[in-house]
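Here are the chains, one letter per residue:
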Amino acid sequence: MRQEFFFEAAGERLAATRVTGAGGAPPEILTLHGLGTTATRHRARYLLDPWAEHGHGSLAFDFSGNGESTGELTRATLRRRRTETLAAAAWLGRDRPPVVVGTSMGAHLAAWTARELRPRALVLFCPAAYPAHAADLPFDGSLVRPGNHPDSPAYSALRDFEGDLLIFGARQDQVCPPEVVEGYLDSARRARSAEVVWFEECDHFVHRWLPHQGPLRERTVQAVLSLLAA
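For clarity, every value in this text was computed on a predicted model and none was experimentally measured.

What counts and how
Residues numbered from 1 in each chain as written. Predicted model: local features only at pLDDT ≥ 70, side-chain atom pairs only at ≥ 80, totals over all residues. Heavy atoms only, no water. Helix = DSSP H or I, 4+ residues; strand = E, 2+ residues; numbered from the N terminus. Rg over C-alpha atoms; globule rule 2.2 N^0.38 Å. Areas by Shrake-Rupley, 256 points an atom, 1.4 Å probe, with all protein chains shown as cover. Lys, Arg positive; Asp, Glu negative; His and termini not counted. Charge placed at Lys NZ, Arg CZ, Asp CG, Glu CD. Pairing = 2+ DSSP bridges. Axes fitted to C-alpha atoms, helices over the stretch in contact; angles between N-to-C directions. Contact = heavy atoms within 4.5 Å. Buried < 20%, exposed > 50% of the residue type's maximum accessible area, 1.4 Å probe, protein only. Right-handed = clockwise from strand over helix to strand, strands pointing away.

Caption draft 1: Focus on the overall build of the protein chain. For the protein chain, the helix and strand inventory stands at eight helices and eight strands. The C-alpha radius of gyration computed for the protein chain amounts to 16 Å, which stays within 12% of the reference 17 Å derived for 230 residues, consistent with globular compactness. Surface summary for the protein chain: the accessible area is close to 9900 Å², and the carbon and sulfur share equals 49%. Once the 25 positive and 27 negative side-chain charges of the protein chain are each reduced to a mean point, those two points are 3 Å apart.

What follows is the structure, encoded as structure tokens:
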């Protein structure tokens, strides 16, 4: 069952989709989209539907200034989006620790909120990492480029993470260099498991590319299902 709704966070009205897993299981997966004017909660739908068919529900939402949510993108900040992430997580089921799936900027936020959300797994697609001083820079051209910043709040929070870490990196990524993936791995020393899957022919926009890759798409679905079942 799919439910469209809105919730309030930091003075904005955020559009969300809640998908109940087969058998009526409440959402346990939180998905966080990336940065950009066209980014929305629907980008990862091609993954969420098969996960739901296997009994794993999800919650996806549009950050303020994106999609159907209120707000202006140019006034958004990473810290504001962190607050929105924590507000969205309150709509998940409480039976088990969540699995947080983040793409690009969403991956930075997934890691940054790990201390609060205590996920049993993090699944990161083409992860970005931003330095500490970027937290309050507006998205009006002021935000610095992602990179392997040693003081990134994402790295700092990940040092306490004890769940499973699965990263999907893109060899042709021109936005987030491979060193960022190494930064995530170096920070996740306490993780129960840490794995990187490289997409050889993919650029940064993984959710435009992967839906059309047939067997590779299916292997991605199955890799995450293995974490969900753990």
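Caption draft 2: Summary view of the sheet that holds strand E3 (residues 27-32). An order of E1-E2-E4-E3-E5-E6-E7-E8 is seen for the eight strands of this open sheet, with the pairing classed as mixed. Edge positions in the open sheet fall to strand E1 (2-9) and strand E8 (193-199), since each of these has one partner strand only. Going from strand to strand, the sheet's axes swing by 20° on average, the running direction of each strand aside. Each of E3, strand E5 (99-103) and strand E6 (121-125) is contacted by helix H3 (residues 105-112), which is oriented at about 145° to E5, the strand it contacts most. Running at roughly 165° to strand E7 (residues 164-170), helix H8 (residues 215-229) makes contact with E3, E5, E6, E7 and E8 of the sheet.

Caption draft 3: Broad picture of H3. Counting buried positions along H3 yields eight of eight residues, so the element is predominantly enclosed. Taken together, the buried positions of H3 are occupied by Met 105, Gly 106, Ala 107, His 108, Leu 109, Ala 110, Ala 111 and Trp 112.

Caption draft 4: Molecular detail of unusual backbone geometry. Located in the positive-phi region is Arg 118, a residue other than glycine, with phi close to 50°. For Arg 118, the location among the structural elements is in the loop between helix H4 (114-117) and E6. Using a relative accessible area of 63% as the deciding quantity, one classes Arg 118 as exposed. Here Cys 126, not a glycine, exhibits a phi torsion of approximately 40°, which is positive.

Caption draft 5: Quick peek at the pairing of E8. Direction of pairing for E7 relative to E8: parallel, over a ladder of seven bridges. Bridged to Gly 169 within E8 is Trp 198. For the crossover from E7 across helix H6 (residues 178-187) to E8, the handedness is right-handed.

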